[in-house]
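Below are the chains, spelled out letter by letter.
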Amino acid sequence: MHPLGIIGALGEETVGELARGLTGELVGPDDETYNSARDTWNGLVNRYPALVVQVGDSEDVATVVQFARDHELPLSVRAGAHNQTGSAIAENGVVIDLRNIDHVDVDADRKIANVGPGNSTADALAATQEHGLAFPTGSAGGPGIAGTTLGGGIGWIRRKHGLAVDTLRSVEVVTAAGNRLRASPEENVDLFRAIQTGGGSNFGIVTNFEFDCFEVGPMVGGLSVFYPRSTAAEVFEAFREFVDSAPPEATTLCNYADVPAIPGIPPEHHGEEAMVLIGCYVGDPEAGMETFAPLRSVTEPLVDNSGPVPYEMLHEMGTILHPWGRKYVHRSAFVDDLTDDLHEFVLDRTAAAPGPMDGVGIWPMGGAVVGDGSSPFPWAGKSHMIVVEAAWESHDNLAHIEWARETERALRDRGGEGAYAGYAGVEEQEWENWAEQAYGDALDFLRTVKREYDPEAIFDNGLTISPAGEWPSISDRTSRGRVYSFSVVYQTVRPTPTVYSARSRNRSYWLRVSMCSQRMVRLRVESVGQDSFYRVWWAN
């Protein structure tokens, strides 16, 4: 069904009543701003919501949640719109757009910041850096604070000050029931812990984040050096030795990738096969440059742009390297050791990559990420995160998607575990369970919290956590023949009925289909004789 058909079915009076009850703006398919309102960072995603509600405050959020529930419409939450799965946009559904809840209030004396979910990382840093402060964020300036934090927040000061979730003091949340709650170590403790665990927006919609801040910058020690891929063995060994003894002030990463065509890189080196070492030293910039010296002299570099740099600029470079509208797949796993076998594996997979912007990165953890062992992040005890990144602008989507998928799967065969919630991929395969990979042993706890705060599973951030307990019977007669919304993994519409296994999730049915998905469709579901099978027609 077309989004206009959804609006027509709702009726002009119903939609008008919603609009009159809001302080924010309602955007529909006929509005000039509709295409920009439904746009997302990942060029793979092209979804068409029925309504985008650009809310003005938490009361608006509660109103729209209730509206979506009353009319049984798919619901999504848009903050920075950087989730690679496109979960910010509900096909034929209602999008709660948080861009206007964009306050940043910094108490410099107490070193505390209250930040609205409509801010990008760059927005928040601009406000805190005015006071020489920062809280942990992701590594690029473009992504929203909401998605970055709710996924964990692995950034440039992680080894000194931990992850974003480690420095949360409290959150304000609108729940599925429309309640506006404050969650902290003292109030609604389980909800707060679930959000800190990286559970995303599975439990409610956060309308305010309260962070502890730290003295950072404005200048930091910056490492950015490119070596020829032919010297990979020496570079890897130097990097491994550095990481083993690095002070917590030094956070680094090692990327196996081609030299990018970006400002500051001589054109004659663009596209050369390389290994790049990037880092941030929190503290005296000159002390940082001394610390990074061994990584700048492994052999003759192609390019060395290292030096003191504004802390904000590190994040701006991440934005430049990952521009809006390019196609992306990020996958990840955690490992305990940097072995020679891992190095050879990464070299082989990088050589097999279908495009020049595809690569593999090694992100050291440790330091304050491990801390005293109390971090809520499920994989805080692992020494390194391995990130598989595919990025491209051509139409050859499948080659890049499959390369990233195969690389991650092979990495798991070599002992890789877990996943960073924001780097799980764009499509869940039959051989994987994203929720189990991202949340590990914490999943049972998260499912219990989900049952309490979102028992009907109306919130979904791409890594859906199912509520604890039994699902209603799959043979519920009242469900047969009705039309439901599904997230499916298929790029073309099939003209004939197809049978898939399905399971009931209260008022919805969720299917697992094995190919690539970038859309939600409406399907008609009927029983075909066995309790665990349904026949599916493409209803739109």
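Residues numbered from 1 in each chain as written. Predicted model: local features only at pLDDT ≥ 70, side-chain atom pairs only at ≥ 80, totals over all residues. Heavy atoms only, no water.

A. Representation of the environment of Gly-80 in the model. Summarising the element assignment, Gly-80 is placed in the loop between strand S3 (75-78) and strand S4 (94-97). Counting along the chain gives 37 residues from Gly-80 to Pro-117, while the straight-line C-alpha distance between them is 8.2 Å. Excluding its chain neighbours within four sequence positions, the residues that come into contact with Gly-80 are Gly-144 and Trp-324. (Helix = DSSP H or I, 4+ residues; strand = E, 2+ residues; numbered from the N terminus. Contact = heavy atoms within 4.5 Å.)

B. Structural context of the sheet that holds strand S10 (residues 205-212). As summarised here, the arrangement of the five strands in space is S5-S6-S10-S8-S9, forming an open sheet in which the pairing is antiparallel. Both edges of this open sheet fall to strand S5 (104-107) and strand S9 (180-183), since each of them pairs with a single strand only. Geometrically, the sheet is characterised by an average inter-axis angle of 15 degrees between neighbouring strands, direction not taken into account. Bridge count for strand S8 (residues 168-174) against S10 is six bridges, and the pairing is antiparallel. Across the sheet, the residue bridging to Ser-170 is Glu-210, located in S10. Packing against the sheet, helix H4 (residues 58-70) makes contact with S8, S9 and S10, and its axis sits at approximately 145 degrees to S10. (Pairing = 2+ DSSP bridges. Axes fitted to C-alpha atoms, helices over the stretch in contact; angles between N-to-C directions.)

C. Region of the structure containing the packing of aromatic side chains. On inspection of all chains with the given rule, the structure shows nine aromatic pairs. Look at Phe-334 and Trp-379: their rings are 6.2 Å apart centre to centre, the planes differ by 15 degrees, and that puts the pair in the stacked class. Taken together, the positions of Phe-334 in strand S17 (residues 327-335) and Trp-379 in the loop between strand S18 (359-364) and strand S19 (384-392) put the pair 45 residues apart, joining distant regions of the chain. Each member of the pair, Phe-334 as well as Trp-379, is classed as buried. Here the aromatic residues Phe-334, Trp-363, Phe-377, Trp-379, Tyr-420 and Tyr-423 are joined through ring pairs into a cluster of three or more. Over the ring of Tyr-48 we find Arg-38, and its NZ or CZ is 3.8 Å from the ring centre. (Phe/Tyr/Trp six-rings, centres within 6.5 Å; stacked < 30°, edge-to-face > 60°. Buried < 20%, exposed > 50% of the residue type's maximum accessible area, 1.4 Å probe, protein only. Lys NZ or Arg CZ within 6 Å of the ring centre and 35° of its normal.)

D. Region of interest: the packing of helix H5 (residues 121-129) against helix H11 (residues 311-321). The interhelical angle for the contact between H5 and H11, taken along N-to-C directions, is 175 degrees, at an axis separation of 10 Å. Between H5 and H11, the angle is such that the two are roughly antiparallel. Judged by residue contacts, Thr-121, Leu-125, Ala-126 and Gln-129 of H5 engage Tyr-311, Glu-312 and His-315 from H11. Considering only residue class, the contact of H5 with H11 consists of three nonpolar, three polar and one charged. (Parallel < 35°, antiparallel > 145°, perpendicular 65-115°, else oblique. Nonpolar A, V, L, I, M, F, W, Y, C, P; charged D, E, K, R; others polar.)

E. Expanded view of the pattern of salt bridges. For the structure shown, the criterion picks out 23 salt bridges. For Arg-240, the salt bridge identified is with Asp-340, shortest N-O distance 2.9 Å. On the criterion of sequence distance, the pair formed by Arg-240 in helix H9 (residues 232-245) and Asp-340 in helix H12 (residues 340-351) is long-range, its members being 100 residues apart. The salt bridge involving Asp-454 is made with Lys-450; its shortest N-O contact spans 2.7 Å. Look at the salt bridges and you will find they share partners, linking Arg-331, Arg-405, Glu-408, Arg-412, Glu-427 and Glu-432 into a network. (Salt bridge = Lys/Arg side-chain N within 4 Å of Asp/Glu carboxyl O.)

F. Representation of the nonpolar core within the structure. Residues Val-61, Ile-96, Val-171, Phe-209 and Tyr-439 are the most contacted members of the largest nonpolar core, which totals 62 residues. Looking at this core element by element, the count peaks at six residues for H4. Listed in part, the 40 residues of the second largest apolar core include Leu-223, Ala-246, Met-275 and Leu-295. (Core = buried A, V, L, I, M, F, W, Y, C linked by side-chain atoms within 4.5 Å.)

G. Quick peek at H4. Helix length check: H4, at 13 residues, gives a terminal C-alpha distance of 18 Å against a target of 18 Å (1.5 Å per residue), a fit within 8%. The opening residue of H4, the one whose side-chain oxygen lies 3.2 Å from the backbone nitrogen of Glu-59, is Asp-57. One or two steps after H4, the chain reaches Glu-72, where phi turns positive at roughly 50 degrees. (Expected span 1.5 Å × (residues − 1). Polar contact = N/O pair within 3.5 Å; in protein donor to acceptor, adjacent residues only side chain to side chain.)

H. Region of interest: the side chain of Arg-47. If you trace the backbone, Arg-47 turns up in the loop between helix H3 (34-37) and strand S2 (51-54). Within the buried core, Arg-47 has no salt-bridge partner, and the shortest N-O distance to an opposite charge, that of Glu-91, equals 5.2 Å. (Lys, Arg positive; Asp, Glu negative; His and termini not counted.)

I. Structural context of the pairing of strand S14 (residues 273-281). Of all nine residues in S14, eight are buried, a share of seventy percent or more. Pairing analysis gives eight bridges linking strand S12 (residues 219-228) to S14, with the strands arranged antiparallel. Note on S14: the bridge partner recorded for Tyr-227 is Met-275. The pairing of strand S13 (residues 250-258) with S14 spans nine bridges and is antiparallel. Pairing of Ala-250 across the sheet is with Tyr-281, part of S14.

J. The arrangement of the sheet that holds S4 in detail. Ordered by their spatial adjacency, four strands build an open sheet running S1-S2-S4-S3, and the pairing between neighbours is mixed. Edge strands, defined here as strands with exactly one partner in the open sheet, are strand S1 (25-27) and S3. Strand-to-strand, the axes of this sheet are offset by a mean angle of 20 degrees, without reference to chain direction. In this structure, S2 lies alongside S4, joined through four bridges in parallel fashion. Within S4, the residue paired with Val-52 across the bridge is Val-95.

K. Examining the pairing of strand S6 (residues 112-115) more closely. Bridge count for S5 against S6 is four bridges, and the pairing is antiparallel. Paired with Val-106 across the strands is Ala-113, a residue of S6. Linking two consecutive strands that pair antiparallel, namely S5 and S6, is a turn of four residues; a positive phi of about 55 degrees is found at Lys-111 within it. The sheet contact formed by S6 and S10 spans four bridges and is antiparallel. When the bridges of S10 are listed, Val-115 appears paired with Phe-209.

L. Broad picture of the side chain of Glu-427. Counting through the fold element by element, Glu-427 comes out in the loop between helix H13 (397-413) and helix H14 (434-439). By relative accessible area, which is 1% here, Glu-427 ends up buried. A distance of 3.0 Å separates a polar atom in the side chain of Glu-427 from a polar atom in the side chain of Arg-405. Polar side-chain contacts of Glu-427 include one of 3.3 Å to the side chain of Gln-429.

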